[in-house]
Structures are given as structure tokens and as C-alpha cells.
Amino acid sequence: MTAHDRGFDGVERRGLMFVLSSPSGAGKTTLSRLLIERVEGLSLSVSATTRPMRPGEVDGRDYKFVDDATFAAMVKHNDLLEWAVVFDNRYGTPRAPVYAALASGRDVLFDIDWQGTQQLREKARADVVSVFILPPSATDLERRLHTRAQDADHVIRERMDRATHELSHWAEYDYIVINQNVDEAFAEVQSILKAERLKRERRTGLTAFVRELQRQLET
Ligand SMILES: Nc1ncnc2c1ncn2[C@@H]1O[C@H](COP(=O)(O)OP(=O)(O)OP(=O)(O)O)[C@@H](O)[C@H]1O
Ligand SMILES: Nc1nc2c(ncn2[C@@H]2O[C@H](COP(=O)(O)O)[C@@H](O)[C@H]2O)c(=O)[nH]1
């Protein structure tokens, strides 16, 4: 599950799995896109889903859109690292691209729900960093779902109805970010990633680095 990368300061470290979850519409996708655009060494895990494609979505970029039979085959062949039913559709994380990214020394970003996050934690606790995104208010959440203008009214109602349940999982997460302003929320999420990349336990090359410093000091 883990990989050893030479970090930006030259010290080797294990790759991490950076998870964003939230009630639908709080802004995970928006923040994920910014992270992928602006942060080096981070790959997005593109999920498979049985939900219909929204206007503007691209197969293979936003999701791998598959039918029920294909999804069932992926589950059967153990091709998914985690999967869950969300809003009556199935969503899952293809295993191979995650392993490939970690093996090449990159961190991986996941936009998944609380069920998927629990499964990742069970598999790789030390390598999972989880962030729960909160909307500033219920009114803002509903407005965002409407202004996204990609779901039918009954779908938006269903997502608002589910928001309380999604929200109840907030305390399972390592960090909580309130997405009032996109730039500020992005800066907070980016800071979390930066700090987690510097954590001592992940920086497998530190012992050798410090040993070399000591050798230099002693000569
Ligand atoms: N801070 C913000 N202020 C105002 N609008 C925002 C903010 N963050 C995101 N939005 C808008 O809210 C809408 C929902 O955002 P987004 O699609 O990122 O949510 P999401 O959490 O990924 O939802 P889902 O779980 O349904 O995929 C989008 O139209 C987005 O542009
Ligand atoms: N457990 C997983 N949850 C996932 C995955 N991919 C997306 N999601 C979550 O589903 C909802 C709805 O997403 P939408 O794109 O239909 O609005 C949202 O909470 C996503 O985070 C996955 O692979 N596994």
C-alpha cells in the first residue's frame, strides 16, 4: 500500500492517501480540482460509479461511468479498494491506479464518502489523512446544490435529506474545514497536506539524514 518517495527536500517519505468527504454540495469536488491543479506530487483517484453522467462530466476524468454488471464484476474480482452505495448508486475506488500512483512516489487524493473512508482506514490507517468539509450553513448547502444546476429537483431534495446523516460522521475525521470561501478553504486544505507530508513517522529517510548530519558535525 505504501511507497517511498524522495520528498521535495530530498528526504524519503511514504506516500499518503488524502481523503475529502462532506455532505453533497459542500465543495469537495471544487477543492479537489484546485488541489490537483496547484499541488505537485498529488494524483486524483478517479472512482467508478453506476450513477448517470452529469452535463459537462467526462468519462475517465470525473468518474469511470459503468453499468451495474461491470461494477459487480469489479467487486467480484477484488478490483476495488473500497466501495459503497451512495444515493442509490454504487461508487468505488479502483485499486490498481492507487497502487501505481503510490508506487511512483505520489500522494493520492480521494473524493469519497464516510463509508469509503472507514474502509480505507481499516486497510491503511497510518497512511490515511482525512478531511471533512462543512458548508457554512444549510441554506448555503441547498443554494450550492441548486446553483450547480446539474441535478433534478428530486435529486437535490434527496441529497439535502441525506445531509444530516452524512454530517453525523464528521467526528471520525482528522481535520474539519468550513468551506465559506473557496480560497480560504483551499489554503486550509493545502496547509493540512503540507503539514502531513512533513510528519516524522512518514519521513522514512530522516534517520539516515540525521545520521549524516551528526557525522558532519563530528568531523
Ligand atoms: N465556498 C463556496 N462558495 C460558493 N459556492 C461554492 C463554494 N464551494 C463550492 N461551491 C459551489 O457549490 C457547488 C457544489 O460544489 P461541489 O460540486 O464541489 O460539491 P461536492 O461536495 O463535490 O458535491 P458532491 O458530493 O455532490 O459531489 C458548485 O457549484 C461549486 O461551484
Ligand atoms: N465510498 C465512495 N464514495 C464515493 C466515491 N466516489 C464518489 N463518492 C461519493 O459519492 C457522493 C456522491 O457523489 P456525486 O459525484 O454523485 O455527487 C459524494 O459524497 C462522493 O464523495 C467512491 O469511489 N467511493
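On a predicted model such as this, the values are computed, not experimentally measured, just so you know.

**Some thoughts on the overall build of the protein chain**
What the protein chain contains, in helices and strands, is 8 helices and 11 strands. For a compact globule of 219 residues, the expected C-alpha radius of gyration is about 17 Å, and the protein chain comes in at 19 Å, within 12% of that figure. Projected onto its principal axes, the C-alpha positions of the protein chain cover 70 × 40 × 30 Å. A total of 219 residues make up the protein chain; the buried ones form 47% of that total. Here the contacts in the protein chain between residues at least 6 apart in sequence split such that 68% fall between residues at least 24 apart. As displayed, the protein chain has an accessible area near 11500 Å², and 52% of this comes from carbon and sulfur atoms.

**Brief notes about unusual backbone geometry**
Notably, phenylalanine 87 is not glycine yet its phi reads approximately 50°, a positive angle. Since its relative accessible area comes to 12%, phenylalanine 87 is described here as buried.

**Points about the UniProt feature "domain: Guanylate kinase-like" (unreviewed entry) in the protein chain**
Under the present numbering, the feature "domain: Guanylate kinase-like" (unreviewed entry) in UniProt falls on residues 15-194. With 44% helix and 23% strand, residues 15-194 has its two end C-alpha atoms placed 12 Å apart.

**As for the sheet that holds strand E7 (residues 80-86)**
An order of E6-E5-E8-E7 is seen for the 4 strands of this open sheet, with the pairing classed as mixed. Bordering the open sheet on either side are strand E6 (64-65) and E7, each of which pairs with just one other strand. Of the pairings in the sheet, the one linking strand E5 (residues 48-49) to strand E8 (residues 89-94) comprises 2 bridges and is antiparallel in character. Following the sheet pairing, alanine 48 is matched in E8 by glycine 92.

**Quick word on the confidence of the model for the protein chain**
Looking at the protein chain, pLDDT values average 93 and 96% of them are 70 or higher. Across the interfaces of the predicted complex, the ipTM metric reaches 0.97, alongside a pTM of 0.94.

**Here we look at a nonpolar patch on the surface**
A surface patch of nonpolar side chains, about 250 Å² in accessible area, is lined by Phe209, Val210 and Leu213. Within the fold, phenylalanine 209 resides in helix H8 (residues 206-218). Assessed through its relative accessible area of 42%, phenylalanine 209 is described here as partly exposed.

**Quick word on the pattern of salt bridges**
Taken as a whole, this structure holds 14 salt bridges when the rule is applied. The salt bridge partner of arginine 162 is glutamate 166, with a shortest N-O separation of 3.3 Å. Of this pair, arginine 162 and glutamate 166 both sit in helix H6 (residues 153-167), 4 residues apart, which is roughly one turn of the helix. It is possible to trace a salt-bridge network through shared partners that takes in Arg13, Asp107 and Arg197.

**Describing the site of ligand 2**
Near ligand 2 lie 17 residues; those nearest to it are Ser47, Arg51, Tyr63, Tyr91 and Arg159. Within the contact set of ligand 2, an oxygen atom lies 2.7 Å away from a side-chain nitrogen or oxygen of serine 47. In the model, an oxygen atom of ligand 2 is placed 2.7 Å from a nitrogen or oxygen of the arginine 54 side chain. Isolated, ligand 2 exposes 510 Å² of accessible area, and the fraction of that covered by the protein chains is 96%. The residue makeup of the shell around ligand 2, split by class, is 6 nonpolar, 4 polar and 7 charged.

**Digging into the packing of aromatic side chains**
Ring pairs (aromatic) are described by centroid distance and by the angle formed between their planes. For the coordinates displayed, the defined rule picks out 4 aromatic pairs. Within the aromatic cluster, the residues linked to one another by ring pairs are Tyr63, Phe65 and Tyr91. The lysine or arginine in question, arginine 38, covers the ring of phenylalanine 186, its NZ or CZ lying 4.9 Å from the ring centre. A cation over a ring is seen here: arginine 121 above tyrosine 173, with NZ or CZ 5.4 Å from the ring centre.

How each quantity is defined
- Residues numbered from 1 in each chain as written.
- Chains lettered and ligands numbered in written order.
- Predicted model: local features only at pLDDT ≥ 70, side-chain atom pairs only at ≥ 80, totals over all residues.
- Heavy atoms only, no water.
- Helix = DSSP H or I, 4+ residues; strand = E, 2+ residues; numbered from the N terminus.
- Rg over C-alpha atoms; globule rule 2.2 N^0.38 Å.
- Buried < 20%, exposed > 50% of the residue type's maximum accessible area, 1.4 Å probe, protein only.
- Contact = heavy atoms within 4.5 Å.
- Areas by Shrake-Rupley, 256 points an atom, 1.4 Å probe, with all protein chains shown as cover.
- UniProt positions renumbered as here; feature names shortened; annotations may be inferred.
- Pairing = 2+ DSSP bridges.
- pLDDT = per-residue confidence, 0-100.
- Patch = residues over 30% accessible without salt bridge, like charges linked within 9 Å, V, L, I, M, F, W, Y side chains within 5 Å.
- Salt bridge = Lys/Arg side-chain N within 4 Å of Asp/Glu carboxyl O.
- Near = heavy atom within 4 Å.
- Polar contact = N/O pair within 3.5 Å; in protein donor to acceptor, adjacent residues only side chain to side chain.
- Nonpolar A, V, L, I, M, F, W, Y, C, P; charged D, E, K, R; others polar.
- Phe/Tyr/Trp six-rings, centres within 6.5 Å; stacked < 30°, edge-to-face > 60°.
- Lys NZ or Arg CZ within 6 Å of the ring centre and 35° of its normal.

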